[in-house]
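# Reading the structure
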Amino acid sequence: MDEKKSITLKDLPDEDKPREKMMTVGKKQLSNAELIAILLRTGVPGKSAIAMAHEVLASTGNSLTALSQTDAKHFGKIHGMALAKTATLMAALELGWRMQGEIAAERKTVLGCSTDLYNYMLPMLVDLDHEEFWAIYLNNAHKVLGRQRISMGGQSDTNVDLRIIFRGALEHKATIFSVAHNHPSGSLHPSNADKALTRRISEAGNILGIKLEEHIIIAIGLDGRADYFSFHDNGLV
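The rules behind these values
Residues numbered from 1 in each chain as written. Predicted model: local features only at pLDDT ≥ 70, side-chain atom pairs only at ≥ 80, totals over all residues. Heavy atoms only, no water. Salt bridge = Lys/Arg side-chain N within 4 Å of Asp/Glu carboxyl O. Helix = DSSP H or I, 4+ residues; strand = E, 2+ residues; numbered from the N terminus. Buried < 20%, exposed > 50% of the residue type's maximum accessible area, 1.4 Å probe, protein only. Contact = heavy atoms within 4.5 Å. Core = buried A, V, L, I, M, F, W, Y, C linked by side-chain atoms within 4.5 Å. Pairing = 2+ DSSP bridges. Axes fitted to C-alpha atoms, helices over the stretch in contact; angles between N-to-C directions. Right-handed = clockwise from strand over helix to strand, strands pointing away.

A complete count under the given rule lists six salt bridges for this structure. A salt bridge links R149 to E132; its shortest N-O distance comes to 3.2 Å. Linking R149 in strand 4 (residues 144-152) with E132 in strand 3 (residues 132-138), this pair joins segments that are 17 residues apart in sequence. Residue E132 is classed as buried on the basis of its relative accessible area, which comes to 4%. In this structure, K211 engages E213 in a salt bridge whose closest nitrogen and oxygen atoms are separated by 3.7 Å. Using a relative accessible area of 49% as the deciding quantity, one classes K211 as partly exposed. What makes E213 buried here is its relative accessible area of 19%.

This next bit is on the environment of I150. By secondary structure assignment, the location of I150 is in strand 4. Apart from residues lying up to four places away in sequence, I150 is in contact with F133, W134, A135, Y137, V160, D161, I164 and I165.

Turning next to the nonpolar core. One finds L111, M121, L125, I136, I216 and I218 to be the most contacted residues of the largest nonpolar core, which totals 20 residues. Every element with two or more residues in this core is listed here: helix 7 (114-125), strand 3, strand 5 (176-182) and strand 6 (211-220). Here this core gets six residues from one element, more than from any other, and that element is helix 7. Apart from residues lying up to four places away in sequence, L111 is in contact with D116, L117, Y120, I136, L138, H142 and V144.

To continue, consider the sheet that holds strand 5. The strand order across the open sheet built from five strands is 4-3-5-6-7, with neighbouring strands paired in mixed fashion. Strands at the two margins of the open sheet, each flanked by one partner only, are strand 4 and strand 7 (226-230). For this sheet, the mean angle separating the axes of adjacent strands, direction not counted, is 20°. Across five bridges, strand 6 lies against strand 7 in antiparallel orientation. Among the inter-strand pairings, I216 is bridged to a residue of strand 7, identified as S230. Most of the contacts of helix 8 (residues 162-171) go to strand 3, to which it runs at about 25°, and overall it touches strand 3, strand 4 and strand 5. Sheet strands touched by helix 9 (residues 192-208): strand 3, strand 5 and strand 6. Its angle to strand 6, the strand with the most contacts, is close to 155°.

The side chains of a regular strand alternate between the sheet's two faces. Counted residue by residue, strand 5 has seven buried out of seven residues, so it is predominantly covered. With six bridges connecting them, strand 3 and strand 5 associate as antiparallel partners. Its bridge partner lying in strand 5, F133 is registered against H181. Sheet analysis places strand 5 next to strand 6, joined by seven bridges and oriented parallel. Bridge pairing in strand 6 places V179 opposite H215. Running through helix 9, the crossover from strand 5 to the neighbouring parallel element strand 6 is right-handed.

Here the focus is unusual backbone geometry. In the Ramachandran plot, R41 falls in the positive-phi region, its phi being about 70° despite a non-glycine side chain. Along the chain, the position of R41 falls in the loop between helix 2 (32-40) and strand 2 (42-45). Looking at R41, the relative accessible area reads 56%, which means it is exposed. For K173, which is not glycine, the phi torsion reads 55° and is therefore positive. The topology assignment puts K173 in the loop between helix 8 and strand 5. Note on K173: relative accessible area 68%, which makes it exposed.

Written as structure tokens, this is what we have:
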């Protein structure tokens, strides 16, 4: 009978109980696995919540960024990750990205470089399984006036209508703008189509007197970490 009983956090020695540890030494002292174990609450027969948390992390190479990109189907392959546990963990990961988005919106309202733009757009694009193309409208001081999703498509491309980009720029009274899109494939290398589109957008902006400042590609690489490619920093804008 004991072998069929789910192993809970209460069954662990005091020093291995992440909830009690967090209350004693603070949340910053807990490992990623311990934090996930708190969300999972219980294990399954023969496997504690801590062990399950380690297995969940290992499934994406111990990368929280890659973990946030997974779906319910991925978690369903891990023994014990039923609907409630999966939903709880996915919700927590999404809240993390939304919090980062709020921080970026509050603290990075001035986008002075490619890194600022990357941090500002990362929560919007990092974990999508399809391509999206966004425009970010700025004034002369590089302060954000607004941002707009221009298009969304499949896993390898999305159609971009320049009229939508510049209609938004005129509505926001922007003098400068940047654009960003993601590569679900994980590649940060711009395609020839990406380069051609960037040239078209820049040329159209020059005619209207609205300067294209930057274009970045955001992706999660094979190492499970998010990164970006800057057209400006690489002399392509």
